[in-house]
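Listed below are the residues making up each chain.
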Amino acid sequence: MYTISLFSTYHGRFMSYDALGKLLVPYQAFLYYPVLMFSRFNLYIQSWIFLIQGQGPQKGAAWWHRWFELAGSLFFWYWFGYLVVYKSIPSGWDRFAFVMVSHMVTMPLHVQFTLSHFAMSTADLGPTESFPQKMLRTTMDIDCPEWLDFFHGGLQFQAIHHLFPRIPRHNLRRTQTLVLQFCKAAGIPYALYGFVGGNKKDLGSVAEVSRQAAILADCQRTISKRFDLIYGH
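Residues numbered from 1 in each chain as written. Predicted model: local features only at pLDDT ≥ 70, side-chain atom pairs only at ≥ 80, totals over all residues. Heavy atoms only, no water.

A.B. asks: What exactly am I supposed to notice about the overall build of the protein chain here?
C.D. replies: Each helix and strand in the protein chain was counted, giving 11 helices and 4 strands. Here the protein chain has a C-alpha radius of gyration of 22 Å; the compact-globule value for 233 residues is 17 Å, and the former is much larger. When the backbone C-alpha atoms are referred to their principal axes, the protein chain occupies close to 70 × 60 × 40 Å. Across the 233 residues of the protein chain, 27% fall into the buried class. Within the protein chain, counting contacts between residues at least 6 apart in sequence, those at least 24 apart form 56% of the total. Within the structure as shown, the protein chain displays about 16,200 Å² of accessible surface, and the carbon and sulfur contribution to it stands at 68%. Counting 20 positive and 13 negative side-chain charges, the protein chain places the centres of these two groups 4 Å from one another. (Helix = DSSP H or I, 4+ residues; strand = E, 2+ residues; numbered from the N terminus. Rg over C-alpha atoms; globule rule 2.2 N^0.38 Å. Buried < 20%, exposed > 50% of the residue type's maximum accessible area, 1.4 Å probe, protein only. Contact = heavy atoms within 4.5 Å. Areas by Shrake-Rupley, 256 points an atom, 1.4 Å probe, with all protein chains shown as cover. Lys, Arg positive; Asp, Glu negative; His and termini not counted. Charge placed at Lys NZ, Arg CZ, Asp CG, Glu CD.)

This is how it looks when you write it as structure tokens:
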């Protein structure tokens, strides 16, 4: 049996297309929003993997950040896990319900996170691609009226944030206007979608991945059958 593994440049390791992936990927366009209701738990897991395995800087000025973050994480779980959940809530069922509800209602925030990235290219085009072009190719901005900026929290300006990480939130919209003018003059595409349009593009992308996974699975089955026919004796 052949397995399909892809190298994740984000995680820095091969991601195996295991049994769970084969079960969920074909339906991920339908599971997109339900899965995001549990994304906060995944962030906990990824944070601890990152810290325990020491995936951050090992040398240089930031070598001590790992220990600072470990201390912060332990303090958070002492405060939230012990003082808030365990000590303040009387029964096990109430604790479970509190944790689940408090985490699941943050789903719109995770939608906002993924909206700016999941539909965009993840290809590494190498050193010939400029930094601005790479940031604008791999990140999407969400277009909305200025009065909605407070509700988006500045996360709708992800492309601008990636280009200029230190720009304060109240200057993101002004900077976007300048970048749009630059992109128009330089002929660089700028992905700017409305909230509904961005969700449609995200869902279309995850559905396309499902379709490609189905094609790969069909190829896998065909190769396996032909292998048996050719080498079975």
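A.B. asks: Would you mind showing me how to read the packing of helix α3 (residues 39–52) against helix α4 (residues 65–86) here?
C.D. replies: Geometry of a packed helix pair, given as the angle between the helix axes and the separation of the axes. Running from amino to carboxyl end, α3 crosses α4 at an angle of 140°, the nearest separation of the two axes being 10 Å. Between α3 and α4 the crossing geometry is left-handed. Side by side, α3 and α4 meet where Y44, W48, F50, L51 and I52 of the first sit next to R66, E69, L70, S73, L74, F76 and W77 of the second. When grouped by side-chain class, the residues that make up the contact of α3 with α4 number 9 nonpolar, 1 polar and 2 charged. (Axes fitted to C-alpha atoms, helices over the stretch in contact; angles between N-to-C directions. Left-handed = near helix turned anticlockwise from the far one by under 90°. Nonpolar A, V, L, I, M, F, W, Y, C, P; charged D, E, K, R; others polar.)

A.B. asks: Mind showing me how you'd approach the pattern of salt bridges here?
C.D. replies: It is possible for side chains of opposite charge to pair when their charged atoms get near one another. Applying the stated rule across the entire model yields 3 salt bridges. The residue E129 makes a salt bridge to R137 at a minimum N-O spacing of 2.7 Å. By relative accessible area, which is 16% here, E129 ends up buried. Where R173 meets D149, a salt bridge forms, and the shortest distance between an N and an O atom there is 2.7 Å. Within this pair, whereas R173 is found in helix α10 (residues 172–186), its partner D149 is found in helix α8 (residues 149–152), the two being separated by 24 residues in sequence. Accessibility expressed as a relative area gives 22% for R173, which makes it partly exposed. Classification of D149 as buried rests on a relative accessible area of 17%. (Salt bridge = Lys/Arg side-chain N within 4 Å of Asp/Glu carboxyl O.)

A.B. asks: What's the story with the packing of aromatic side chains in this structure? I'm lost.
C.D. replies: Here a ring pair, both rings aromatic, is described through the centre-centre distance and the interplanar angle of the planes. For the coordinates displayed, the defined rule picks out 16 aromatic pairs. On the numbers, 6.4 Å between centres and 75° between planes, the contact of F41 with Y44 is edge-to-face. Of this pair, F41 and Y44 both sit in helix α3, separated by 3 residues, roughly a single helical turn. Exposure remark for F41: the relative accessible area of 25% places this residue in the partly exposed category. Note on Y44: relative accessible area 17%, which makes it buried. Aromatic pair F76 and F80: ring centres 5.5 Å apart, planes at 10°, arrangement stacked. (Phe/Tyr/Trp six-rings, centres within 6.5 Å; stacked < 30°, edge-to-face > 60°.)

A.B. asks: Explain the side chain of T114 here, please?
C.D. replies: With respect to the element layout, T114 can be found in helix α6 (residues 107–115). Note on T114: relative accessible area 9%, which makes it buried. Polar side-chain contacts of T114 include one of 2.6 Å to the side chain of Y32. In this structure the side chain of T114 is engaged in a polar contact, spanning 3.1 Å, whose partner is the backbone oxygen of V111. (Polar contact = N/O pair within 3.5 Å; in protein donor to acceptor, adjacent residues only side chain to side chain.)

Interpretation note: all reported values are geometric properties and have no functional meaning in isolation.
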